[in-house]
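# Structure assessment
Here are the chains, one letter per residue:
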Amino acid sequence: MIPAIEKNSLDEIKVFQEQKLTELLAYISENSPFYKRLFAGQNIDISKVKTLEDLQFLPVTTKEDLQQYNDDFLCVPQHKIIDYASTSGTLGDPVTFGLTDSDLDRLAYNEAISFACAGIAEGDVVQLMTTIDRKFMAGLAYFLGLRKLKVGVIRVGAGIPEMQWDSILKYNPSYLITVPSFLLKLIEYAEIHGIDYNNSSIKGAICIGESLREQDFSMNILSKKITDKWNIKLFSTYASTEMSTAFTECEHGKGGHHHPELIIVEVLDENNIPVKNGETGELTFTTLGIEAMPLLRFKTGDIVQLHNEPCECGRNTLRVGPVVGRKKQMIKYKGTTLYPPAMNDVLSSFDNIENHLIEISTNDLGTDEILIKIAVKNQTPEFLQEIKDHFRAKLRVTPKIEFASKETLNPLVFNPMSRKPIRFFDYRS
């Protein structure tokens, strides 16, 4: 199930997207109070925007804009909203996203082609190990996409290894949709309770919320720890509520595939100018085909690299590489630039560590300070020194590290109001 546009040449894809961009600009200038006001205030003539390169002459949209003017992004009357989703806001209050009936169809299409990209097909059974309530778009999107693929869905929800295994052994799903670190808990439970997990029905897992790969697409420590024990295929997927679109890996694992009929992608530098090929920058997108809350040049805050060479799977679309880190989570520590994923990777290499979180604050000198709290099976000074040495070897710096109990860390990391673990806490002034 590869949409024809994804096999077209890059030139054909570009022409297609430029036509869709023209339609989007006409739509939002007519129906979006926010963009109507923005275009008028900056004397923007949308008729002059004809190519993807012309996008850089348009202003970007930020998370703060969404927070401050949330309702002004709606392009339809309230009675057309079928589903209300929300995401955490940068200024405190959640940002609400309305979806029309057409938007829900688009969401289902997006997930169907994304899951098909990972090899899920009609006749499979998938265990959904994420929440579908609490106004999270993701769980609903997964269900709609799987339904469109005519795939069986077991809506178990998050957590509770015993319940997950009971369901796996009863219904024999072929794929799981889960946070990858939870797979380690499934393995641990299976080993304790004598479950032969390598002879289970599971062939693969679609992994959300945590990275599986290094920048060269090799497996990171977390994914190695899973696959060294459990012979299953792991697929990474990148998405957000704002884009209502997913970038999911195919079987070759070389980045998340772009769906050009759904979204325009840019990677921008600090001055909102597209970076050169092969360089990293902030992923910025323009949505296509969204009726209720389309977005123009929305800055995600995620630092990524794009890959443009054709994929072995037959798709010619660009691919989004693993997220280097979030722009606002960049840390300058003792002259070294760090992102939380690199520190998570170091900590994941130790089996003795059961849980961890990273706290960033501003010290008396006005510079970044790092405190890592770890819950371990066996606390010793020697183990603490081993971790510090490993940090120095891998990242060239050693942050402050202290022991904490699982009882202290677990409620913070596994917050019931989040669909993925929260390991980064930023207290910088």
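Residues numbered from 1 in each chain as written. Predicted model: local features only at pLDDT ≥ 70, side-chain atom pairs only at ≥ 80, totals over all residues. Heavy atoms only, no water.

Taking an unreviewed UniProt entry as the reference, the protein chain is identified by name as Phenylacetate-CoA ligase belonging to Flavobacterium cutihirudinis.

### Quick notes on the overall build of the protein chain
Helix and strand counts for the protein chain come out as 11 helices and 20 strands. Over its C-alpha trace the protein chain gives a radius of gyration of 22 Å, about what one expects of a compact globule, namely 22 Å for 429 residues. For the protein chain, the C-alpha atoms occupy an extent of roughly 65 × 60 × 40 Å along the three principal directions. For the protein chain, the residues scored as buried account for 53% of the 429 residues in total. Pairs at least 24 residues apart make up 67% of the contacts formed inside the protein chain by residues separated by at least 6 positions. The average position of the 47 basic charges and that of the 57 acidic charges among the side chains of the protein chain differ by 1 Å. (Helix = DSSP H or I, 4+ residues; strand = E, 2+ residues; numbered from the N terminus. Rg over C-alpha atoms; globule rule 2.2 N^0.38 Å. Buried < 20%, exposed > 50% of the residue type's maximum accessible area, 1.4 Å probe, protein only. Contact = heavy atoms within 4.5 Å. Lys, Arg positive; Asp, Glu negative; His and termini not counted. Charge placed at Lys NZ, Arg CZ, Asp CG, Glu CD.)

### Section: the layout of surface pockets
In this structure, the second largest pocket occupies an estimated 740 Å³ of space. Going through the elements one at a time, α1 (10-31), β10 (263-268) and β12 (298-307) are the ones with two or more residues in the lining of the second largest pocket. Of the residues contributing to the lining of the second largest pocket, the split by class is 11 nonpolar, nine polar and five charged. (1 Å grid on protein atoms, 1.4 Å probe; cavity = no way out; pocket = protein on both sides within 12 Å on 5 of 7 lines; lining within 4 Å. Points joined across faces, edges and corners; volume = space filled by probe spheres on them. Nonpolar A, V, L, I, M, F, W, Y, C, P; charged D, E, K, R; others polar.)

### Describing empty space enclosed by the protein
A full pass over the atoms with the stated rule returns one cavity of 30 Å³ or more. Here the largest cavity is characterised by a volume of approximately 80 Å³. Forming the walls of the largest cavity are Phe97, Gly98, Leu99, Asp103, Arg106, Leu107, Met137, Thr241, Glu242, Ser244, Ile290 and Met293.

### Focus: the UniProt feature "domain: AMP-dependent synthetase/ligase" (unreviewed entry) in the protein chain
Here, the residues flagged by UniProt with the feature "domain: AMP-dependent synthetase/ligase" (unreviewed entry) are residues 149-285. The straight-line gap between the two end C-alpha atoms of residues 149-285 is 26 Å; of that span, 23% is helix and 28% is strand. (UniProt positions renumbered as here; feature names shortened; annotations may be inferred.)

### Topic: the environment of isoleucine 28
Following the sequence through the fold, isoleucine 28 ends up in helix α1. Between the alpha carbons of isoleucine 28 and leucine 296 there is a distance of 8.9 Å; along the sequence they are 268 residues apart.

### Focus: the packing of α1 against helix α2 (residues 33-41)
Relative orientation of the contacting elements α1 and α2 amounts to 95°, with a least axis distance of 6 Å. Relative to α2, α1 is oriented roughly perpendicular. Residues Leu25, Ile28, Ser29, Glu30 and Asn31 of α1 form the contact with α2, whose own contacting residues are Pro33, Tyr35, Lys36 and Phe39. A breakdown of the residues in the contact of α1 with α2 according to their chemical character gives five nonpolar, two polar and two charged. (Axes fitted to C-alpha atoms, helices over the stretch in contact; angles between N-to-C directions. Parallel < 35°, antiparallel > 145°, perpendicular 65-115°, else oblique.)

### Observations concerning the nonpolar core
Core analysis: the largest hydrophobic core is formed by 39 residues, its most contacted members being Leu21, Leu25, Tyr35, Leu66, Leu295 and Leu296. Secondary-structure elements contributing two or more residues to this core are α1, α2, β2 (95-99), β10, β11 (280-287) and β12. Each residue touching leucine 21, except ones within four places of it in the same chain, is listed here: Val49, Thr51, Leu52, Leu55, Ile264, Thr286 and Leu288. In terms of nonpolar packing, the next biggest core, distinct from the first, is built from 22 residues, Tyr333, Ile370, Leu384 and Ile387 among them. (Core = buried A, V, L, I, M, F, W, Y, C linked by side-chain atoms within 4.5 Å.)

### Notes on the domain arrangement of the protein chain
Domain boundaries assigned for the protein chain yield domain 1 (1-325) and domain 2 (330-427). Each of domain 1 and domain 2 was reduced to a C-alpha centroid, and the two centroids are 28 Å apart. Across the contact, 18 residues belong to domain 1 and 15 residues belong to domain 2. With both sides pooled, the region where domain 1 packs onto domain 2 buries about 1400 Å², and carbon together with sulfur makes up 59% of that total. Viewed at the interface, domain 2 and domain 1 are joined by one salt bridge. Our count for the contact surface shared by domain 1 and domain 2 stands at four residue pairs in polar contact (both at pLDDT 80 or more). When residues of the side of domain 1 that touches domain 2 are traced back to their parent elements, those giving at least two are α5 (137-148), α7 (180-192) and α8 (221-227). Here the element with the most residues in the side of domain 1 that touches domain 2 is α8; it accounts for three residues. (Domains from an automatic or database assignment. Buried area = accessible area lost by both parts, 1.4 Å probe. Salt bridge = Lys/Arg side-chain N within 4 Å of Asp/Glu carboxyl O. Polar contact = N/O pair within 3.5 Å; in protein donor to acceptor, adjacent residues only side chain to side chain.)

### Details of the packing of aromatic side chains
For the structure on display, the rule yields 11 aromatic pairs. Each ring, one from tyrosine 35 and one from phenylalanine 73, has its centre 5.6 Å from the other, and the planes form 85°; the classification is edge-to-face. You can see tyrosine 35 sitting in helix α2 and its partner phenylalanine 73 sitting in the loop between α3 (63-68) and β1 (83-87), a full 38 residues away along the chain. Like phenylalanine 73, tyrosine 35 is buried. Joined through ring pairs, the aromatic side chains of Phe34, Tyr35, Phe39, Tyr69 and Phe73 make up one cluster. A cation over an aromatic ring shows up here: arginine 37 above the ring of tyrosine 69, its NZ or CZ 5.2 Å from the ring centre. (Phe/Tyr/Trp six-rings, centres within 6.5 Å; stacked < 30°, edge-to-face > 60°. Lys NZ or Arg CZ within 6 Å of the ring centre and 35° of its normal.)

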